[in-house]
Amino acid sequence: RPRVLSGIQPTADSFHLGNYLGALRQWVALQDTHDAFYFIADLHAITVEQDPEALRRRTRVAAAQLFAIGLDPERSTLFVQSQVPEHAELQWVLSCITGFGEAGRMTQFKDKSAKQGTSGTSVGLFTYPVLQAADILLYQPDQVPVGEDQRQHLELTRTLAQRFNHRFGETFVTPEAYILKAAAKITDLQEPTAKMSKSSSSPQGIVDLLDEPGPLRKKIMRAVTDTGTEVKADEENKPGVTNLLRIHSALSGTSIEDLERHFEGQGYGALKKELAQILLDTFEPIRERTGKLLADEAQLDRMLAVGADRAREVARETMETVRGRVGFLGRA
Ligand code: ATP
Ligand code: MG
């Protein structure tokens, strides 16, 4: 079975619908076909300022949500990045074979640092893609599930793997991109031409996996729709309705065309009502399981420790090879 590796940052109080449909649901499916390693990227999270207690809480919430949506600790390895110190160790080595200009060309850094200004931008944010390369290469995965926004970083990872291999001898697998199937881009409910995102969406524009039923229903009923009355997918003229149809289709498994037929002669209200129900049916069991997992922190932390131990076994082996190749003196 090919190995995959993917990570997600614990930087919100809940994952949202975009995360779920664009990434996390795929993570669950990949367990059937792949040897899967998943991690909660707390090292990446601190590239911007975090409140320590909030970070710890969000790390547990993220873990609980991932188990709750169906990540199975028997079949895949879920761990917290900072509990495997080899990530930071390999990052240092890789940063020493990364060009300053090469790192400076990363568009995500350019975007984020432009927003924050030089004084608000940490060196960690600059070296973020090198840490990401280390995250990946430690586990020698064959494939890395990536969205469009991460393509450039994976390209850097591949470059660094090849450069290291060339300079020090064959050490790393050069991973391929695994393009997520039907990775629907979910847009903001209030601003349907913009991506649903934890950092830019308003509370009314974003659906969280942990939203209570009442507010969730309200958000869907109040979603911005478009002029006209016909339930029809039309990215250009009906971005709001198109987004709702896409979410419905992704969750119900019904094709957009079938949905258009199903809602023929009915207005936007009917679509919203049905969609709200589907979302509740999907998210309520997840919310309940998340609550149960969070109620026993000691048990949750133990589940994560098991994941960290398993991850560390692989990471340690890679790091041992790296140390020898680079010329570090082995400990007697
Ligand atoms: P930020 O605003 O901080 O970038 P985000 O809401 O975009 O946060 P990320 O943590 O960047 O969330 O993304 C985690 C994963 O979820 C990524 O794989 C990303 O591609 C996916 N994802 C995020 N938002 C959406 C969306 N609106 N539609 C589909 N996939 C999404
Ligand atoms: Mg993002």
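Caption draft 1: Looking closely at the environment of A68. With respect to the secondary-structure elements, A68 resides in helix α3 (residues 52–69). Separated by 218 residues in the primary sequence, A68 and I286 have C-alpha atoms spaced 5.4 Å apart. For A68, the contacting residues outside a window of four places in its chain are I286, R289, T290 and L293.

Caption draft 2: Seen up close, the pattern of salt bridges. With the rule as written, the count across this model stands at 19 salt bridges. Here R246 makes a salt bridge to E235, at a shortest N to O gap of 2.5 Å. You can see R246 sitting in helix α10 (residues 239–252) and its partner E235 sitting in the loop between α9 (213–221) and α10, a full 11 residues away along the chain. Classification of E235 by relative accessible area gives partly exposed; the value is 49%. Its salt-bridge partner being R261, residue D258 comes within 2.7 Å of it at the nearest N-O pair. Of this pair, D258 and R261 both sit in helix α11 (residues 256–262), 3 residues apart, which is roughly one turn of that helix. Beyond isolated ion pairs, a larger network of salt bridges with shared partners links D13, R57 and R58.

Caption draft 3: Local environment of the packing of α3 against helix α13 (residues 297–326). For the pair α3 and α13, interaxial distance at closest approach is 11 Å and the crossing angle is 75 degrees. With respect to their mutual orientation, α3 and α13 come out roughly perpendicular. Of α13, the residues touching α3 (which contributes R60, A63, A64 and F67) are E297, L300, D301, M303 and L304.

Caption draft 4: Expanded view of the side chain of Q81. With respect to the helices, strands and loops of the structure, Q81 is situated in the loop between β3 (77–80) and α4 (86–95). Looking at Q81, its side chain comes within polar contact range of the side chain of D135, at 2.9 Å. Excluding anything up to four places from it in sequence, Q81 contacts F39, I40, A41, D42, L43, H44, H87, L131 and D135.

Definitions and cut-offs
Residues numbered from 1 in each chain as written. Chains lettered and ligands numbered in written order. Predicted model: local features only at pLDDT ≥ 70, side-chain atom pairs only at ≥ 80, totals over all residues. Heavy atoms only, no water. Helix = DSSP H or I, 4+ residues; strand = E, 2+ residues; numbered from the N terminus. Contact = heavy atoms within 4.5 Å. Salt bridge = Lys/Arg side-chain N within 4 Å of Asp/Glu carboxyl O. Buried < 20%, exposed > 50% of the residue type's maximum accessible area, 1.4 Å probe, protein only. Axes fitted to C-alpha atoms, helices over the stretch in contact; angles between N-to-C directions. Parallel < 35°, antiparallel > 145°, perpendicular 65-115°, else oblique. Polar contact = N/O pair within 3.5 Å; in protein donor to acceptor, adjacent residues only side chain to side chain.

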